[in-house]
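Architecture and fold: a report
Residue strings, one per chain:
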Amino acid sequence: MVLLHVLFEHAVGYALLALKEVEEISLLLPQVEECVLNLGKFHNIVRLVAFCPFASSQVALENANAVSEGVVHEDLRLLLETHLPSKKKKVLLGVGDPKIGAAIQEELGYNCQTGGVIAEILRGVRLHFHNLVKGLTDLSACKAQLGLGHSYSRAKVKFNVNRVDNMIIQSISLLDQLDKDINTFSMRVREWYGYHFPELVKIINDNATYCRLAQFIGNRRELNEEKLEKLEELTMDGAKAKAILDASRSSMGMDISAIDLINIESFSSRVVSLSEYRQSLHTYLRSKMSQVAPSLSALIGEAVGARLIAHAGSLTNLAKYPASTVQILGAEKALFRALKTRGNTPKYGLIFHSTFIGRAAAKNKGRISRYLANKCSIASRIDCFSEVPTSVFGEKLREQVEERLSFYETGEIPRKNLDVMKEAMVQAEEAAAEITRKLEKQEKKRLKKEKKRLAAIAALASSENSSSTPEECECFRVPSGTWHDDSIVTRMETSERPKKKKKQKLQEAPQENGMEDPSVSFSKPKKKKSFSKEELVTSDLEETAGSGSLPKRKKSSPKVETVTDPEEAGNRSVPKKKRKFSSREEPLSSGPEEAAGSKSNSSKKKKKLQKLSQED
């Protein structure tokens, strides 16, 4: 009995499935279509044998490219050789793509089948794949498919920006269209302005020059000797300029109004601008051809080479064409008409526009066109598949065509192709080395500029960081609550620092004058409470007796006044204590009790002083 297996390619990996009851399935095709939609019935038909997941997205992309090109990847080969039976004649493998089926049958020897019931089974596997594989969800399968689809599409459209033949195709198409339009518009200007100055048509043949002259001359009656130099600049010929001046004086044309002249001049300016744009477009086309197909453009010319690429669709398609196809490319209608009428087939197509066929004799046109098509095919393949584009091969091929032309005319034997290609290879290697050196220099310059730019950015950032002070940095630490508290503490500490310095200066000043430090006696307020009445009286008497020294003390330190005037001492003692308290310290005694004690002491001292003054 033949065992039927199905190979299913998914974005997450390869799946190999085995089918049950092969004969019944092959006979009951409508029933199979119904079972595909029902998961329970589909499980009775299909069984998962093996599943080989891809290691990464890059591996998945490689396998997808291999399957699309009909190549058996190593992962697929390992899966089939491992899980399929060893007897290959008893195995029938169902695949969705005939290309990969033919490759498997050729390399591995398994019989492959496509279409029919296999397509229905693969449709059911695609529908229920996330249920057949354990650990795979529908969402993850969709994501894998989307990512692989983007990677596959990106790889297919990936190209080198400097070697894009699409721009050449569009440029040559636009160039041909511009040639037609400029010719049509120039004929319209000739007819329109010919009513006024008909002799100018016979003197000037070039369309662009005629439009420039029509725009410059305007009314022929205003043309005089002063404008002769400008006419010579436009016509590039003094004789023609003199002929135009003479013809304007004896012209048979009709008079024309000013409004008509304005319209003719505006239309002529449009045609002149179109012709100028056509020249710039031709320059652009030449530059693109030198980048994309330098050998082909050196051999046959930029315009003819671009037309060949546009007619083939791309440079790759042109490189795949044989020389016989390149020879008649562009003459398909004549070829099919000749085949239909059994007449003579055309000898050349687009390559007829090259100078070689025009220079050859009538009997040698077919021979030289065949030879030229052969060289064009070689040049297109070199341009398409070479890593470093160079025009060396095109120049050597052009020399060979020149030698062949001289051989047809004079019989001089040309050089052999082998010798010419050896010389071309040596020169191409030198040219490639020169191009690589230039590219390396450009890359080094770019890296230097990038380093300088990064260094400038780093220097600017460091200067900005250094210019900002720590206090400014603290001001920006306000948003959160804890940082706000820290900033307040730091500000309080910074504000208290100068006060401490002032106190230190005040303490050092009396020591320098040879006096005692008054702050020492007031640093501990508890000692004031411990003084007795007798001591207070004696101290007051001593102070009154030595009143001559009191002014000196007042001048030396203002804190001494607290001793002479008890009221002021009592009033000032409280705020000083508050100032000495920091945010983390607490007062030793309550404020109101100290204030009451100081008031009672001051009242007693007043009474004693009054008694002593009465006795004296």
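As the structure is a computational prediction, the values presented were derived from the model and not from experiment.

Confidence in the prediction for the protein chain averages 77 pLDDT; 73% of positions are at 70 or higher. Contacts for the low-pLDDT stretch residues 469-538, under 50 throughout, to residues beyond four places or in other chains number 35 contacts.

Okay, the environment of V95 next. Secondary-structure assignment places V95 in the loop between β4 (91-94) and α6 (98-107). Owing to a relative accessible area of 0%, V95 belongs among the buried residues under this scheme. In sequence terms V95 and F8 are 87 residues apart; their C-alpha atoms lie 7.1 Å from each other. Not counting chain neighbours up to four residues away, the residues in contact with V95 comprise L7, I100, G101, I104, C112, Q113, T114, I118 and L122.

Another aspect to go through is the side chain of S248. Turning to its location among the elements, S248 is positioned in helix α14 (residues 238-249). S248 gets classed as buried once you look at its relative accessible area, which sits at 6%. When residues no more than four places from it in sequence are discounted, the contact partners of S248 are F197, R220 and L223.

Taken as a whole, this structure holds 17 salt bridges when the rule is applied. Residues R415 and E423 are paired through a salt bridge, measuring 3.3 Å at the closest nitrogen-oxygen approach. When its relative accessible area of 33% is taken as the criterion, R415 is described as partly exposed. Taking relative accessible area as the criterion, E423 reaches 35% and is therefore assigned partly exposed. Through salt bridges with shared partners, a single network forms among K396, E399, E403, R415 and E423.

Further remarks concern the pairing of strand β2 (residues 13-19). The element β2 is extensively covered by neighbouring structure, given that seven of its seven residues are classed as buried. Adjacent in sequence and paired antiparallel, strand β1 (residues 3-9) and β2 are bridged by three residues. Where β2 lies against strand β3 (residues 46-53), seven bridges are found, and the strand directions are antiparallel. Looking at β3, one finds that A18 is bridged to R47.

On to the packing of helix α12 (residues 207-217) against helix α13 (residues 228-235), then. A pair of packed helices is captured by two measures, namely the crossing angle of their axes and the spacing between those axes. Where α12 meets α13, the axes come as close as 10 Å, and the angle between the chain directions of the two elements is 160°. By the angle class used here, α12 and α13 are roughly antiparallel. Our pair here, α12 against α13, has a crossing hand that is right-handed. Where α12 abuts α13, its residues T209, R212, L213, F216 and I217 lie against K230, L231, L234 and T235. Across the contact of α12 with α13, the residue classes break down as five nonpolar, two polar and two charged.

Here we take up the UniProt feature "coiled-coil region" (unreviewed entry) in the protein chain. In the UniProt entry, the feature "coiled-coil region" (unreviewed entry) is given for residues 418-457. With 100% helix and 0% strand, residues 418-457 has end C-alpha atoms that lie 58 Å from one another.

We now examine helix α23 (residues 392-410). The first and last C-alpha atoms of α23 sit 27 Å apart over 19 residues, in line with the 27 Å expected at 1.5 Å per residue. Residues of α23 that are buried sit in contact with α16 (294-300), α21 (355-359), α22 (365-385) and α24 (417-467). G411, located one to two residues past α23, shows a positive phi value of around 85°.

Attention now goes to unusual backbone geometry. The phi dihedral of M236 falls on the positive side, at around 60°, and the residue is not glycine. Relative to the assigned elements, M236 resides in the loop between α13 and α14.

Core analysis: the largest hydrophobic core is formed by 46 residues, its most contacted members being L296, L299, I300, I309, L318 and L372. Taken together, domain 2 (167-284) and domain 3 (294-424) each give at least three residues to this core, which thus spans both. Apart from the residues lying within four places of it in its own chain, the contact partners of L318 are L296, L308, I309, A312, V326, L329 and S380. One finds L7, L61, I104 and L108 within the second-largest nonpolar core, a separate group that totals 25 residues.

With that out of the way, let us pick up the sheet that holds β1. In space, the five strands of this open sheet follow the order β3-β2-β1-β4-β5, with mixed pairing throughout. Two strands lie at the open edges of the sheet, namely β3 and β5 (111-113), each paired on one side alone. Here the average twist between neighbouring strands, direction ignored, is 25°. By the bridge criterion, three bridges tie β4 to β5 in an arrangement that is parallel. In the strand pairing of β5, L92 is matched with N111. Across the sheet, α6 touches β1, β4 and β5, and the angle it forms with β5 is around 170°.

Relative to the helices and strands, T390 is located in the loop between α22 and α23. Exposure remark for T390: the relative accessible area of 13% places this residue in the buried category. In this structure, T390 is in contact with P294, S295, D383, A428 and A431, ignoring residues within four places of it in sequence.

Definitions and cut-offs
- Residues numbered from 1 in each chain as written.
- Predicted model: local features only at pLDDT ≥ 70, side-chain atom pairs only at ≥ 80, totals over all residues.
- Heavy atoms only, no water.
- pLDDT = per-residue confidence, 0-100.
- Contact = heavy atoms within 4.5 Å.
- Helix = DSSP H or I, 4+ residues; strand = E, 2+ residues; numbered from the N terminus.
- Buried < 20%, exposed > 50% of the residue type's maximum accessible area, 1.4 Å probe, protein only.
- Salt bridge = Lys/Arg side-chain N within 4 Å of Asp/Glu carboxyl O.
- Pairing = 2+ DSSP bridges.
- Axes fitted to C-alpha atoms, helices over the stretch in contact; angles between N-to-C directions.
- Parallel < 35°, antiparallel > 145°, perpendicular 65-115°, else oblique.
- Left-handed = near helix turned anticlockwise from the far one by under 90°.
- Nonpolar A, V, L, I, M, F, W, Y, C, P; charged D, E, K, R; others polar.
- UniProt positions renumbered as here; feature names shortened; annotations may be inferred.
- Expected span 1.5 Å × (residues − 1).
- Core = buried A, V, L, I, M, F, W, Y, C linked by side-chain atoms within 4.5 Å.
- Domains from an automatic or database assignment.

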